[in-house]
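Architecture and fold: a report
As a plain string of letters, each chain reads:
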Amino acid sequence: MKFIKITCLLFVLSIAILPASAQFSAGARVGVNFATEPAPDLYHVFLARPYVGLFGQYNVTTPFAIQVGLNYSGEGANYKDLGTGNTYQIRHAFLTIPLMIQYKFPFGAYIEAGPQFGILLSAKERMNDKPFVDSKRYYKGTDFGAGIGVGYEFLHNKLKGFGFSARYMRGITAINKIDVVGSDIKTRVLSVGFTYRLMVREADRK
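Parameters and conventions
Residues numbered from 1 in each chain as written. Predicted model: local features only at pLDDT ≥ 70, side-chain atom pairs only at ≥ 80, totals over all residues. Heavy atoms only, no water. Helix = DSSP H or I, 4+ residues; strand = E, 2+ residues; numbered from the N terminus. Contact = heavy atoms within 4.5 Å. Areas by Shrake-Rupley, 256 points an atom, 1.4 Å probe, with all protein chains shown as cover. Pairing = 2+ DSSP bridges. Core = buried A, V, L, I, M, F, W, Y, C linked by side-chain atoms within 4.5 Å. Buried < 20%, exposed > 50% of the residue type's maximum accessible area, 1.4 Å probe, protein only. Salt bridge = Lys/Arg side-chain N within 4 Å of Asp/Glu carboxyl O. Patch = residues over 30% accessible without salt bridge, like charges linked within 9 Å, V, L, I, M, F, W, Y side chains within 5 Å. Polar contact = N/O pair within 3.5 Å; in protein donor to acceptor, adjacent residues only side chain to side chain.

Quick look at the overall build of the chain
Across its full length, the chain holds one helix and 10 strands. When the helices and strands of the chain are read in sequence order from the N terminus, they spell out α-β-β-β-β-β-β-β-β-β-β. In the chain, the share of contacts with a sequence separation of at least 24, taken over all contacts with a separation of at least 6, comes to 62%. Working note: accessible area of the chain is about 11,100 Å², and carbon and sulfur atoms make up 67% of it.

Points about unusual backbone geometry
A cis amide bond, omega 5°, links Thr-62 with the succeeding residue Pro-63. Note on placement: Pro-63 falls in the loop between β3 (47-61) and β4 (64-80). You will see that Asn-157, though not glycine, has its phi angle at about 60°, which is positive.

Here we look at the pairing of strand β5 (residues 87-104)
Pairing between β4 and β5: 15 bridges, direction antiparallel. Residue pairing for β5: Tyr-72 is matched across the bridge by Leu-95. Remark: six residues form the turn of the hairpin made by β4 and β5, two consecutive strands paired antiparallel; Gly-85 in that turn has positive phi of roughly 85°. Taking the residues that link successive antiparallel strands as the turn, the β5-strand β6 (residues 109-127) hairpin has four residues, and the phi of Gly-108 there is positive, at about 115°.

What about the nonpolar core?
Core analysis: the biggest nonpolar cluster contains 10 residues, these being Ala-39, Ala-77, Tyr-79, Ile-90, Phe-94, Leu-120, Ala-123, Tyr-139, Ile-175 and Ile-185. Those elements that place two or more of their residues in this core are β4, β5 and β6.

Some points on the pattern of salt bridges
As enumerated under the stated definition, the model contains two salt bridges in all. The salt bridge involving Glu-112 is made with Arg-167; its shortest N-O contact spans 2.8 Å. Taken as a pair, Glu-112 in strand β6 and Arg-167 in strand β9 (residues 162-171) lie far apart in primary sequence, 55 residues in all. Residue Glu-112 shares its accessibility class with Arg-167, and that shared class is buried. We note a salt bridge from Glu-153 to Arg-197, for which the minimum N-O separation is 2.9 Å. Here Glu-153, found in strand β8 (residues 142-153), pairs with Arg-197, found in strand β10 (residues 188-198); they are 44 residues apart in sequence, far enough to count as distant.

Here we look at the environment of Gly-145
Within the fold, Gly-145 resides in strand β8. For Gly-145, a relative accessible area of 6% gives the class buried. As a C-alpha pair, Gly-145 and Phe-117 span 28 residues in sequence and 6.6 Å in three-dimensional space. When near neighbours in sequence (up to four residues on either side) are disregarded, Gly-145 contacts Pro-115, Gln-116, Arg-170, Gly-171 and Ile-172.

So, a nonpolar patch on the surface
Taken together, Tyr-58, Val-60, Phe-64, Ile-66, Val-68, Leu-99, Ile-101, Tyr-103, Phe-105, Phe-107, Ile-111 and Val-150 make up a surface patch of nonpolar side chains, about 990 Å² in accessible area. Elements supplying a minimum of two residues to the nonpolar patch: β3, β4 and β5. With respect to the helices and strands, the residue Phe-107 is situated in the loop between β5 and β6. A residue is classified by how much of its surface remains accessible, and Phe-107, at 54% relative accessible area, is exposed.

Brief notes about the side chain of Ser-191
Mapped onto the elements of the fold, Ser-191 is located in strand β10. Take Ser-191: its relative accessible area is 9%, and that puts it in the buried class. A polar side-chain atom of Ser-191 sits 2.6 Å from a polar atom in the side chain of Asn-33.

Structural notes on the side chain of Glu-112
Accessibility expressed as a relative area gives 5% for Glu-112, which makes it buried. There is a polar contact of 2.9 Å between the side chain of Glu-112 and the side chain of Gln-102. Among the polar contacts listed, one links the side chain of Glu-112 to the side chain of Arg-167, at a separation of 2.8 Å. In contact with Glu-112, other than residues within four places in its own chain, are Met-100, Ile-101, Gln-102, Gly-147, Ile-148, Gly-149 and Arg-167.

Written as C-alpha cells, this is what we have:
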C-alpha cells in the first residue's frame, strides 16, 4: 500500500507542474474493459468491467508523444466447465500504469503501443451461485503486459480535447501463484471508452 500511495503522489505532482510547458498536457479516461484470463479446459468469455484513470502526455516532437497513465482497472473472467456444468466467476481489480508511445495523424487520429505495469488491489471468486470469497492470496501482487491501441481526439470547436479510444493489453507474466492444471494464467483486456485532455495547447498542432 505504501508503494501505491507514493506512486499516486508522484503522478499527481507531475500533473500539477504540467502547465509550465506547452509540450505537456493532462487528462482523464473512462470506459469499459472486456476482460478475460484464459484457463486450460475451461470455456471462458469476455467479462465487462469498468475502468477510470488519469494520464499525462508529453509531445516529444511532431508527430510523436509519450503518455503515462494511472488507472483503476476492473478485470477478471467468467469460466464454465463444459464437462460438469460448473461456473466460476473471477473478479480482479488492478492499479495499472501504462506507458504508451503515440503516433498522431494531423486529422486527430492516433495509434499507440507500449508496456504496462499493474498492481493487484483485490481478488475474489465464486463457484456457481455461492458467495464471493477473497482469493488475493492465490495471486501475485503485480502484473506486467504490453499493448496496442487506436484513438481519435477532436481538434476544434466545442469538442476540442474530447476523444475516444480502444486499447488491447495482453499480460506477459502470469498472475497466479499456483498452477492451474499446469498452466499460467495471464490477463487479456480490451478497453473501449472516452478521453478528455486538459490544457490542449496550440503548440500541439504545430
